[in-house]
Amino acid sequence: MAARAHLLIRKGRVIDPLSGRDEVADLLVEDGRLVRIGASLDAPGAEIIDAEGHWVIPGLVDACVHLSLPGSGRAGDIASETRAAAGGGITHMAAQPDCGPVDSTAVVRLIREQAGQAGFARVLPVAALTQGLEGHQLAEMATLARAGCIAVGQAGARVVDALVLKRGLEYAATFDLPVMFRPQDAALAGGGCAHDGPVATRLGLPGIPAVAESVDLARDLLLVEATGVRAHFQQISSRQSLWLLREAKARGLPVTADVSIHHLLLDESAIEGFNSHCHVIPPLRGAADREALLAAVADGTIDAICSQHQPVGLSSKAAPFPASKPGISGLDSLLPLILKLVAEGALPLHRALDAVTAAPARCLGIQAGQMEAGRPASLCVLAADESRSLASHWLSAGRNSPWRNATLPGVVKLTVCQGKVSWLSD
């Protein structure tokens, strides 16, 4: 959508978790920048957005999104999925390196060009740590960083050789590039498709034990300590991993972590009846793990909440559970599910919003997720008290979600990304 030269958002409840601001105020955007926040602002000639009764919050920052390039095997494309992001109040998203793989500047340019042409959300590519994500030869991380990548990672593909991983971390540390880890030991996971617990046992499904995550996390943390690299751990799912993270943070290691929104709302019981829409990796764990994850978000052990967006075709979910593709399409539902957690008293409002705005921006090392005068405006006007069926407003090409037919709170009225209106509700 085209940029508006002047935009005056009036009488919204302005909530900015980073600054602690929570008050009814006006916001003035001029030439793409947030100029002022205050009471009863005046701006002759500005386009006026009436936000009375609505919230005005920073644009959401999603630290884990799997996007589609030709041959990736996922539903939709960059245009369709960034449109879904804008419709959900998301302005910045970290694209995982498995859509290319992102191991060449040509792929980085393609991602950035397609996202720029679509104009809905800012896509931040994460580069591959190793060539082809194969875990053998290091990718040209410095070159990829200069091309626009904000971090490096393996998108769940494990680097088995610890020496290769150590050298990769040293290389990344030299250029101050954060490394994104998704810990899971392949041998211990053993081809499993569900949490190694009572539900998987009853259904006869091969299980993935929680120790598959914590063993790999322990190795990674030791290598982070040895190399000094900035590390972000993605989609933590178990209590044992939280113990390791707390200890690492207490010792001052440069580590952050996120959890997917679905791991905060669902546990292993969600796969009853072989519900493939709840087939995800890492798997949904036990109820005690889910409660521990919520507590870890509340106390800051886990910094951020992500969508872990993986859009796949419905035919991929129609296969028998072990053969179905893992993943949940999460862009459309991220903000409504955050509001659901707040409404249920599972998380305080400001911490919940921080976990999808300023906190993931800090994890990624980007300037976003806040409303500060002088910066490019990225924000969302939200009717928090309105509810609607997600199916009536589903924008992602991926229909694979256990919440697609749910009625949830939160209707995004306006999204402004980097000073441009990227979503305006009818």
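Residues numbered from 1 in each chain as written. Predicted model: local features only at pLDDT ≥ 70, side-chain atom pairs only at ≥ 80, totals over all residues. Heavy atoms only, no water.

Thoughts on the nonpolar core
Nonpolar side chains tend toward joint burial in soluble globular proteins. Quick reminder of the rule: Within this scheme, the nonpolar core is defined by two criteria: the residues are buried Ala, Val, Leu, Ile, Met, Phe, Trp, Tyr or Cys, and they are joined through side-chain atoms within 4.5 Å. Whether a residue is buried, partly exposed or exposed follows from its accessible area with a 1.4 Å probe, protein chains only, as a fraction of its type maximum: under 20%, in between, or over 50%, in that order. Numbered from the N terminus, helices here are DSSP runs of H or I no shorter than four residues, and strands are runs of E no shorter than two. Whether two residues touch is decided by their heavy atoms; if any such pair falls within 4.5 Å, the residues are in contact.
Within the largest apolar cluster, 102 residues are counted, with the highest numbers of intra-cluster contacts made by I57, F233, I305 and L382. The dominant element in this core, judged by the number of residues it contributes, is helix α12 (residues 334–343), at six residues. Once you skip the residues sitting within four places of it in the chain, I305 turns out to touch V259, S260, I261, L264, V297, L334, I338, L347, A355 and V356. Counting residues in hydrophobic clusters, the runner-up holds 17 residues, among them I9, L379, L414 and V421.

Some remarks on the environment of D216
One can find D216 in helix α7 (residues 211–227). Among the residues examined, D216 registers a relative accessible area of 3% and is labelled buried. Leaving out residues up to four positions away in the same chain, D216 has contacts with R158, P183, Q184 and D185.

Notes on the pattern of salt bridges
We apply this condition: When a carboxyl oxygen of Asp or Glu lies within 4 Å of a side-chain nitrogen of Lys or Arg, that pair is called a salt bridge.
On inspection of all chains with the given rule, the structure shows 20 salt bridges. The closest approach of N and O atoms between R251 and E247, which form a salt bridge, is 2.6 Å. By relative accessible area, which is 39% here, R251 ends up partly exposed. Judged by relative accessible area, E247 falls into the partly exposed class, the value being 40%. D354 is the salt-bridge partner of R362, the closest N and O atoms lying 3.7 Å from each other. A network of salt bridges, in which partner residues are shared, links R158, D185, D216, R219 and D220.

Things to note about the environment of E140
In this fold, E140 is placed in the loop between β8 (122–128) and α3 (141–146). For E140, a relative accessible area of 49% gives the class partly exposed. Measuring from C-alpha to C-alpha, the distance between E140 and L129 comes to 8.2 Å, with eleven residues separating the pair along the chain.

What about a nonpolar patch on the surface?
Basically, it comes down to this: Candidate patch residues must exceed 30% relative accessible area and have no salt bridge, after which like charges are joined if within 9 Å and Val, Leu, Ile, Met, Phe, Trp or Tyr side chains if within 5 Å. All accessibility values rest on the Shrake-Rupley procedure with a 1.4 Å probe; residue burial counts only the protein chains present in the view.
A cluster of nonpolar side chains, contributed by L188, V211 and V215, occupies part of the molecular surface with about 200 Å² of accessible area. With respect to the helices and strands, the residue L188 is situated in helix α5 (residues 186–189).

With respect to helix α8 (residues 239–250)
The test is simple: For a helix, the expected span equals 1.5 Å multiplied by the number of residues minus one. Directions pointing from the helix axis toward each C-beta atom define the arc.
An ideal rise of 1.5 Å per residue puts 16 Å on twelve residues; α8 measures up with 17 Å between its terminal C-alpha atoms. What α8 keeps buried is the set S241, L242, L245 and A248. For α8, the angular spread of the buried residues around the axis is 125 degrees, confining them to a single face. Residues of α8 that are exposed and angled more than 90 degrees away from the buried face: W243 and A250. Its buried side turned inward, α8 meets α7, β13 (231–233), β14 (255–260) and α10 (287–299).

Side note on the state of the cysteines
Test applied: By disulfide we mean two sulfur atoms from cysteines, separated by a distance within 2.5 Å.
As enumerated under the stated definition, the model contains zero disulfides in all. Note on C149: no disulfide assigned, nearest cysteine sulfur contributed by C99 at a separation of 9.7 Å. Free of any disulfide, C417 has its nearest cysteine sulfur in C380, 12 Å distant.

Some details on the side chain of D62
The condition that has to hold: The convention is simple: Lys and Arg are positive, Asp and Glu are negative, and His and the chain ends are not counted. We call two N or O atoms a polar contact when they sit within 3.5 Å, provided that within protein one can donate a hydrogen and the other can accept it, with sequence-adjacent residues counted only if both atoms are side-chain atoms.
By the secondary structure assignment, D62 is in strand β6 (residues 60–65). Of the buried charged residues, D62 lacks a salt bridge, with R182 as the closest side chain of opposite charge at 9.7 Å. Within polar-contact distance, the side chain of D62 engages the side chain of S307 at 2.5 Å. When residues no more than four places from it in sequence are discounted, the contact partners of D62 are I90, H92, M93, A94, C306, S307, Q308, L331 and L334.

A few points about the pairing of β6
Put simply, the rule is: Between any two strands, at least two bridges found by DSSP are needed for them to pair.
Within β6, six of the six residues are buried, leaving the element largely enclosed by the surrounding structure. The pairing of β6 with strand β7 (residues 90–95) spans four bridges and is parallel. Counted as the bridge partner of V65 is A95 from β7.

Digging into empty space enclosed by the protein
Applicable threshold: Using only the protein atoms, space was sampled on a 1 Å grid; points where a 1.4 Å probe fits but cannot get out form cavities, open sets with protein on both sides within 12 Å along at least five of seven lines form pockets, and lining residues are those with an atom within 4 Å of a point. Grid points are joined across faces, edges and corners, and a volume is the space filled by probe spheres set on the points. When residues are sorted by character, Ala, Val, Leu, Ile, Met, Phe, Trp, Tyr, Cys and Pro go into the nonpolar class, Asp, Glu, Lys and Arg into the charged class, and all the rest, Gly among them, into the polar class.
Counting across every chain of the model gives three cavities of 30 Å³ or more. In this structure, the largest cavity spans a volume of roughly 170 Å³. What lines the largest cavity is a set of 18 residues, among which Q154, A157, R158, F181 and R182 lie closest to the centre. Of all the elements in the fold, those that place two or more residues in the lining of the largest cavity are β10 (179–181) and α7. The residue inventory of the lining of the largest cavity, partitioned by class, reads eight nonpolar, five polar and five charged. Of the voids in this model, the second largest cavity is the one considered here, and its volume is about 120 Å³. What lines the second largest cavity is a set of 14 residues, among which D332, P336, R388, L390 and H393 lie closest to the centre. Those elements that place two or more of their residues in the lining of the second largest cavity are α1 (78–87), α12 and β17 (407–417). In terms of residue count, β17 provides more of the lining of the second largest cavity than any other element does, three residues in total. Residue composition of the lining of the second largest cavity, by class: eight nonpolar, four polar and two charged.

Focus on the layout of surface pockets
Size it by volume and the largest pocket reaches roughly 460 Å³. If you go around the largest pocket, you meet 26 residues; those closest to its centre are A155, R182, I281, Q310 and P326. Residue classes in the lining of the largest pocket are distributed as nine nonpolar, eleven polar and six charged. Along the walls of the second largest pocket sit 15 residues, with A115, G116, A121, R122 and V123 positioned nearest its centre. Of all the secondary structure elements, the ones that give two or more residues to the lining of the second largest pocket are α2 (105–118) and β8. Here the element with the most residues in the lining of the second largest pocket is β8; it accounts for four residues. Of the residues that constitute the lining of the second largest pocket, the class distribution is eight nonpolar, four polar and three charged.

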